[in-house]
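Coordinate inspection notes
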Amino acid sequence: MNMLINVPESVVADALRGIAAAHPSLTVDVENRVVLRRDAPVARQVALVSGGGSGHEPLHAGFVGPGMLAAACPGEVFTSPVPDQMVRAAAAVDGGAGVLFVVKNYTGDVLNFDMAAELAEDEGVSVAKVLVDDDVAVTDSLYTAGRRGTGATLFVEKIAGAAAAEGAPLERVEAIARRVNASARSFGVALSACATPAKGSPTFELPQGELELGVGIHGEPGRERRAMMTSREIADYAVHVVLDELRPTSPVLLLVNGMGATPLLELYGFNAEVHRVLAERGVPVARTLVGNYVTSLDMAGCSVTLCQVDEELLRLWDAPVNTPALRWGC
Amino acid sequence: MLDAAFMSRWMTATAAAVGREETRLTDLDSAIGDADHGANLRRGFTAVSATLDKETPDTPGAVLALAGRQLISTVGGASGPLYGTLLRRTGKALGDAAEVTREQLAEALGAGVAAVGQLGGAAAGDKTMLDALLPAVEALGRSFAAAAEAAEAGALATVPLRARKGRASYLGERSVGHQDPGATSAALLVGALVEAAA
């Protein structure tokens, strides 16, 4: 596998130095692996801190800035960050109104953020946590760790970030974040496996001419493998499984997300099919976002996330945001 | 009797074993997880042995507690908090005695394993590191070699199991037929006790 890297060990640090060079609006602490908005801490404003394994760019560092995250903590590739990072970030961005940890539901992220929350509280920072678990590919049962957290993370970070920017108190920002998560569901499809820098070869075998339905964002295998389908067939499948669990009674936000290696030409074509299915099902789309936002290294494929919104959530979605990867209204 | 130097040798031997088996751990993890277990543990235990090279605490309990804290600070993922908690709680259970018996270590390790079960919400048969650690604690009362064998057998016994915890659990039935990477690395940790005792 040819990769544009130096050595696997320095991939994350190298990327952080590059993020710093590209975005003067951010403060990048390469050594401690924390990315902060430059004007942090903002007095009397709740600060959102998120993080997770690297390899999902622009998630999360690309969403740091006014109207969204106050800080991001990138871990090693596909590996959650360590508690020291979150504690450092929380202390740096707390403007006195407390910190909300946005955590994707993966065992590692949950455990490390839990440990960090305890330590940050010891240092006098009020911490609330919201768990994102939107992926319908995983059946929730007594025996599983629950649904995975994927595309809805973007909706949670944007909308809760807007509430924080308006000056809402911590309990309210947390409640809005939970409401967004509860209103959102995702489903992902892989057309090729991804390769981590440490392994250097695909993390799973996906023969030419086959696709993996219900894939996660770490190249972990999905729930079913089939012969390659058309964009129209994939949209039918993905939207239907999402709507089986989310039966919206009001308009939705739509994220048509690329996994990293699928060109926008294909994503836009897929978006047309997704809109067709939603129209057939009578689901109005309030806003659409198409692009690579929650990626999985060099995986080809896409995911669909729907989030049912009311007037308040839609207003917060439309509120100004100024980050490297998401920017409008400012 | 086991002293601080013994625990230090145990950690160093674990670091060496994890280094030797890094590729195997990562391959096992790529089958049912996300292909980072080997690299993560190597990073963590390399940091542990570097820390112990600089400062060796003077009690067995303090060595393990320091190693545990170091793992939590460097590994990430699920294995950082889980292995970190295992060693930290085992170290705490040993108290500040300058020397401990193998039986005392077995008892303390039992407390560490219980803490891991609580943190991860896992039990025996869930296809996790506990499937190697629980039989190892049991056997450690007899000898280091017995503990190593029991851990190895426990790791092998995860192959037919269906994962109920961690990332592999997302695969459901598809996790059957693969050896659990966490149980495999746990067997390396226990196996390193034999080297430390040699």
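The written sequence of each chain sets the order in which its residues are numbered from 1. For naming, the first written chain is A and the first written ligand is 1, with later ones following in the order written. Local features in this predicted model are restricted to residues whose pLDDT is 70 or higher, and side-chain atom pairs enter the listing and the counts only when it is 80 or higher, whereas totals over whole chains, interfaces and linings include all residues. To get the side-chain values, take all heavy atoms of the structure and skip hydrogens and water.

**A look at the sheet that holds strand S8 (residues 210-213) of chain A**
Residue and element names in this part refer to chain A.
- Pairing in this open sheet of six strands is mixed, and the strands run S9-S8-S7-S12-S10-S11 from one edge to the other. At either end of the open sheet lies a strand with only one pairing partner, and these are strand S9 (224-227) and strand S11 (285-291). Between one strand and the next, the sheet's axes are offset by a mean angle of 15 degrees, whatever the strand orientation.
- Sheet topology places strand S7 (residues 184-190) next to S8; two bridges connect them, and they run antiparallel. From the neighbouring strand, Val189 faces S8, where its bridge partner is Leu213.
- Contact criterion: two residues are considered in contact whenever any of their non-hydrogen atoms come within 4.5 Å of each other. Only the stretch in contact is used when fitting a helix axis, every axis being a line fitted to C-alpha atoms; angles between N-to-C directions are given from 0 to 180 degrees. Secondary structure elements follow DSSP: runs of H or I no shorter than four residues count as helices, runs of E no shorter than two count as strands, and numbering proceeds from the N terminus. Sheet contacts for helix H6 (residues 231-245): S7, S8, S9 and strand S12 (301-308); angle to S7, the most-contacted strand, approximately 150 degrees. DSSP-based pairing: two strands are paired if at least 2 bridges between them are found.

**Overview of the nonpolar core**
- Judged by nonpolar contacts, the single largest core of 63 residues is most densely connected at Leu48, Leu100, Leu154 and Val173 of chain A.
- The element contributing the most residues to this core is helix H4 (residues 152-165) of chain A, with nine residues.
- Among residues more than four places away in sequence, those in contact with Val173 of chain A are Val46, Leu48, Leu100, Ala160, Ala163, Ala164 and Ala168 of chain A.
- Grouping buried Ala, Val, Leu, Ile, Met, Phe, Trp, Tyr and Cys residues that are joined through side-chain atoms within 4.5 Å yields what is termed a nonpolar core. Throughout this description, buried means an accessible area under 20% of the type-specific maximum (1.4 Å probe, protein chains only), exposed means over 50%, and partly exposed covers the range between. If you look at the next biggest cluster of nonpolar residues, it comprises 55 residues, including Leu71, Met129, Leu130 and Leu193 of chain B.

**Comments concerning a negative patch on the surface**
All names here are of chain A.
- Negative charge collects at one region of the surface, where Glu118, Glu121, Asp122 and Glu123 lie side by side.
- Tracing the backbone shows Asp122 in helix H3 (residues 107-122).
- Overall, Asp122 belongs to the exposed group, its relative accessible area being 67%. Like-charged residues within 9 Å of one another, or nonpolar side chains (Val, Leu, Ile, Met, Phe, Trp, Tyr) within 5 Å, are grouped into patches, provided each residue has over 30% relative accessible area and no salt bridge. With residues, only the protein chains shown are counted as cover, and all accessible areas are computed by Shrake-Rupley using a 1.4 Å probe. Here a salt bridge means any side-chain nitrogen of Lys or Arg lying within 4 Å of a carboxyl oxygen belonging to Asp or Glu. Counting rule for charge: Lys and Arg are taken as positive, Asp and Glu as negative, and neither His nor the chain ends is counted. Taken as the charge location is NZ of Lys, CZ of Arg, CG of Asp or CD of Glu.

**Some details on H6 of chain A**
Residue and element names in this part refer to chain A.
- Across its 15 residues, H6 extends 22 Å between first and last C-alpha, which sits within 8% of the 21 Å expected from 1.5 Å per residue.
- Inspection of H6 places Ile234, Ala235, Tyr237, Ala238, Val239, Val241, Val242 and Leu243 among the buried residues, and these make up the whole buried set.
- Contact partners of the buried residues in H6: S7, S8, S9, helix H7 (264-280) and S12. To estimate how far a helix should extend, the number of its residues minus one is multiplied by 1.5 Å.

**Points about the interface of chain B and chain A**
- Listed as interface residues are 30 residues of chain B and, on the opposing side, 37 residues of chain A.
- Summed over both partners, the accessible surface that disappears when two parts come together, traced with a 1.4 Å probe, is what is meant by buried area. Interface area, chain B with chain A, both sides summed: about 2500 Å², of which 56% is carbon and sulfur.
- Looking only at chain B, the three residues that lose the most surface to chain A are Arg167, Tyr170 and Arg174 of chain B, adding up to 28% of its buried area.
- Note that Arg43 of chain B is salt-bridged to Glu76 of chain A, the shortest N-O span being 3.9 Å.
- Pairs of N or O atoms within 3.5 Å make up the polar contacts considered here, provided that, within protein, one atom can donate a hydrogen while the other can accept it, and that residues adjacent in sequence are counted only when both atoms are side-chain atoms. On the surface where chain B and chain A come into contact, there are six residue pairs in polar contact (both at pLDDT 80 or more).
- Sorting the residues of the side of chain B that touches chain A by element identifies helix H2 (22-32), helix H3 (37-54), helix H4 (60-74) and helix H5 (79-94) of chain B as the ones contributing at least two each.

**Regarding the packing of helix H1 (residues 4-20) of chain B against H3 of chain B**
Residue and element names in this part refer to chain B.
- Running from N to C, H1 and H3 point in directions that differ by 150 degrees, and their axes come no closer than 9 Å. On the basis of the axis angle, H1 is roughly antiparallel to H3. The element H1 and its partner H3 pack so that their crossing is left-handed. On H3, the residues that touch Ser8, Met11, Thr12, Thr14, Ala15, Val18 and Gly19 of H1 are Gly38, Leu41, Arg42, Phe45, Val48, Ser49 and Leu52.
- Looking at the contact of H1 with H3, its residues break down into seven nonpolar, six polar and one charged. In what follows, roughly perpendicular refers to angles from 65 to 115 degrees, roughly parallel to angles under 35, roughly antiparallel to angles over 145, and oblique to any angle outside these ranges. Each crossing gets its handedness from the near helix: less than a right angle anticlockwise from the far helix is left-handed, clockwise is right-handed. Ten residues, namely Ala, Val, Leu, Ile, Met, Phe, Trp, Tyr, Cys and Pro, are considered nonpolar, four, namely Asp, Glu, Lys and Arg, are considered charged, and the remaining ones, Gly among them, are considered polar.

**Considering the packing of aromatic side chains**
- The criterion for an aromatic pair is that two Phe, Tyr or Trp rings (for Trp, the six-membered ring) have centres within 6.5 Å, with stacked assigned to planes under 30 degrees apart, edge-to-face to planes over 60 apart and tilted to the rest. This model, assessed by the stated rule, comprises seven aromatic pairs over all chains.
- Seen from their ring centres, Phe45 of chain B and Tyr83 of chain B are 6.4 Å apart, and the 80 degrees between their planes marks the pair as edge-to-face. Highlighted residues: Phe45 of chain B in helix H3 and Tyr83 of chain B in helix H5, separated in sequence by 38 residues. Both residues of the pair, Phe45 of chain B and Tyr83 of chain B, count as buried.
- Counting every residue linked through ring pairs, the aromatic cluster contains Phe155, Trp317 and Trp328 of chain A.

**Topic: empty space enclosed by the protein**
- Throughout, the protein atoms alone are placed on a 1 Å grid, and a set of points is a cavity if a 1.4 Å probe fits but cannot get out or a pocket if it is open with protein on both sides within 12 Å along at least five of seven lines; lining residues have an atom within 4 Å of a point. Grid points are joined across faces, edges and corners, and a volume is the space filled by probe spheres set on the points. Summed over all chains, the structure comprises four cavities of 30 Å³ or more.
- The volume enclosed by the largest cavity comes to roughly 580 Å³.
- Lining the largest cavity are 34 residues; nearest its centre among them are Ala78, Ser79, Leu82, Gly166 and Arg167 of chain B.
- Contributions of two or more residues to the lining of the largest cavity are made by H3 of chain A together with H2, H3, H5, helix H6 (102-120) and helix H9 (181-197) of chain B.
- Its residues placed into classes, the lining of the largest cavity shows 13 nonpolar, 13 polar and eight charged.
- Lining the second largest cavity are 18 residues, and of these Arg37, Gln45, Val46, Ala47 and Ala70 of chain A sit closest to its centre.
- At three residues, H4 of chain A tops the list of elements feeding residues into the lining of the second largest cavity.
- In terms of residue class, the lining of the second largest cavity is built from 13 nonpolar, four polar and one charged.

**Examining the sheet that holds strand S2 (residues 34-37) of chain A**
Residues and elements named next belong to chain A.
- A sheet is described by the order of its strands in space; here six strands give the open sequence S1-S2-S4-S3-S5-S6, paired in mixed fashion. Strand pairing shows two members of the sheet lacking a second neighbour, strand S1 (26-29) and strand S6 (127-132), which therefore form its edges. Each neighbouring strand pair of the sheet contributes to a mean axis angle of 20 degrees, computed without reference to strand direction.
- With six bridges connecting them, strand S5 (residues 99-104) and S6 associate as parallel partners. Paired with Val99 across the two strands is Val127, which belongs to S6.

**Brief notes about the confidence of the model for chain B**
- Considering every residue of chain B, the mean pLDDT works out to 94; 100% of them sit at 70 or more.
- Confidence metrics for the complex model read pTM 0.92 and ipTM 0.85. One confidence number per residue, pLDDT, is output by the predictor and ranges from 0 to 100.

**Observations concerning the side chain of Glu157 of chain A**
Residue and element names in this part refer to chain A.
- Looking at where Glu157 falls in the secondary structure, it is placed in helix H4.
- An unpaired buried charge is present at Glu157: no salt bridge exists, and Lys104, the closest side chain of opposite charge, is 6.6 Å distant.
- Among the polar contacts made by the side chain of Glu157, one reaches the side chain of Ser50 at a distance of 3.0 Å.
- What Glu157 contacts, discounting residues up to four positions off in sequence, is Leu48, Ser50, Leu59, His60, Phe63, Gly67, Met68, Leu69 and Val102.

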